[in-house]
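# An overview of the molecular structure
Chain by chain, the residues:
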Amino acid sequence: MTIDRKSVKKIRWEKIGPQAAMYAVLAFFAAVVLFPFYFMLESSFKTFAEALGEFTWWPQEFTFESYAYILGDNPYRINLWQNFGVTLLVTLPTMTVGIFVSSLAAFTFAKRKFPFRDLLFGVLLFTMMIPGTILMMPQYLIFADMNLVGTVLPLMLPGMFGSATCVFFMRQFIRGIPDSLIDASKLDGMDYFRIFLYIILPLSWPALISQIVLWFIAGYNDYMGPLIYLQTNSVNEQTLQVALAYFSSSQSRGSENIPAIMAGSVLSVIPLLILYIAFQKFFISGIAVSGLKD
């Protein structure tokens, strides 16, 4: 029996061709997305003069001067370490309390039966459709009447009451936990709060870590909130994103210190990369499992 080589090559191409084309398209779009990050990274190691010249794919003179400049050795008195500390002060407590409250509400909506449960959950979902800009002015007036403008509390208090998005996400995950576990816990004399604390939360780690990553990224990158509420004369009392924006806008037009601006951007991205790499497995699985719930 003879084998037609042309037919074999044709069959192989019919199988491999579409996949190769798909990977080529994905590789192209990945390169488009990653190029700004590459430009940011390689520009941060250039000298001031080289950065203002023609574009090169790699620094001709490799230097860390821009990192030393942005980390405190600059006339703008910007200290990114202090700005990073302010960002963590605002983000971490808000994230911790907000996710706990949201998870508790999600457990209630998923496993407890009470009057108008579905109606209340629908109202909660409706709030997700309201643009944040509509609530910006009323919220500011409320905090101004409470004399809280100029402090970190306006940035923390709203989030500590939970997030509708987090409640929806966690509810989808908790609904997949068998009711038999809750019934068995009731027989052992546990109340609902202890069931939530000792049964639901430990089983919900993939979804919780997904929300931790998403919540931290949102709080870490928040620019408008700190700009409005942290009305301070010292840039080092601002969050990281506001400090970087202040540093960038303070440069003279046409003679911007591009390497220092890029170095600050690189430093601001590093914590997010570390967080995502550390929890990538849980993050992806948590979103995948929650998305499969009915």
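Residues numbered from 1 in each chain as written. Predicted model: local features only at pLDDT ≥ 70, side-chain atom pairs only at ≥ 80, totals over all residues. Heavy atoms only, no water.

## Some words on helix α8 (residues 164-174)
- When you tally the buried positions in α8, you get 9 out of 11 residues, the bulk of the element.
- Three or more residues of α8 are buried, namely Ala 164, Cys 166, Val 167, Phe 169, Met 170, Arg 171, Gln 172, Phe 173 and Ile 174.
- N-capping of α8 is provided by Ser 163, with a side-chain oxygen placed 3.4 Å from the backbone N of Thr 165. (Buried < 20%, exposed > 50% of the residue type's maximum accessible area, 1.4 Å probe, protein only. Helix = DSSP H or I, 4+ residues; strand = E, 2+ residues; numbered from the N terminus. Polar contact = N/O pair within 3.5 Å; in protein donor to acceptor, adjacent residues only side chain to side chain.)

## What about the pattern of salt bridges?
- Within this structure, the stated rule accounts for 3 salt bridges.
- With its nearest N and O atoms 2.7 Å apart, the salt bridge here joins Lys 111 to Asp 179. Linking Lys 111 in helix α4 (residues 80-111) with Asp 179 in helix α9 (residues 179-187), this pair joins segments that are 68 residues apart in sequence.
- With a relative accessible area of 15%, Lys 111 lands in the buried category. (Salt bridge = Lys/Arg side-chain N within 4 Å of Asp/Glu carboxyl O.)

## So, unusual backbone geometry
- Here the phi dihedral of Phe 116 falls at roughly 60 degrees; this positive angle occurs in a residue that is not glycine.
- Take Phe 116: it is sitting in the loop between α4 and α5 (117-127).

## Some thoughts on the packing of aromatic side chains
- The full count for this structure, using the stated rule, is 20 aromatic pairs.
- With centroids separated by 5.4 Å and ring planes inclined at 75 degrees, the aromatic side chains of Phe 28 and Phe 29 adopt a geometry described as edge-to-face.
- Judged by its relative accessible area of 53%, Phe 28 falls in the exposed class.
- Ring geometry for Phe 143 and Tyr 229: centres 5.8 Å apart, planes at 85 degrees, overall edge-to-face. Taken as a pair, Phe 143 in helix α6 (residues 132-145) and Tyr 229 in helix α12 (residues 224-229) lie far apart in primary sequence, 86 residues in all. When sorted by exposure, Phe 143 lands in the same class as Tyr 229, which is buried.
- These aromatic residues form a ring-pair network of at least three members: Phe 45, Trp 58, Phe 62, Phe 64 and Tyr 67.
- Sitting over the face of the ring of Tyr 192, Arg 112 holds its NZ or CZ atom 3.7 Å from the ring centroid.
- Geometry around Phe 121 places Arg 171 over its ring, the cationic atom sitting 4.1 Å from the centre. (Phe/Tyr/Trp six-rings, centres within 6.5 Å; stacked < 30°, edge-to-face > 60°. Lys NZ or Arg CZ within 6 Å of the ring centre and 35° of its normal.)

## Remarks on the side chain of Ser 66
- Structurally, Ser 66 can be placed in helix α3 (residues 65-70).
- Classification of Ser 66 as buried rests on a relative accessible area of 5%.
- Among the polar contacts made by the side chain of Ser 66, one reaches the main-chain carbonyl oxygen of Ser 44 at a distance of 2.4 Å.
- Residues contacting Ser 66, with those up to four places away along its chain left out, are Ser 44, Pro 259, Ala 260 and Ala 263. (Contact = heavy atoms within 4.5 Å.)

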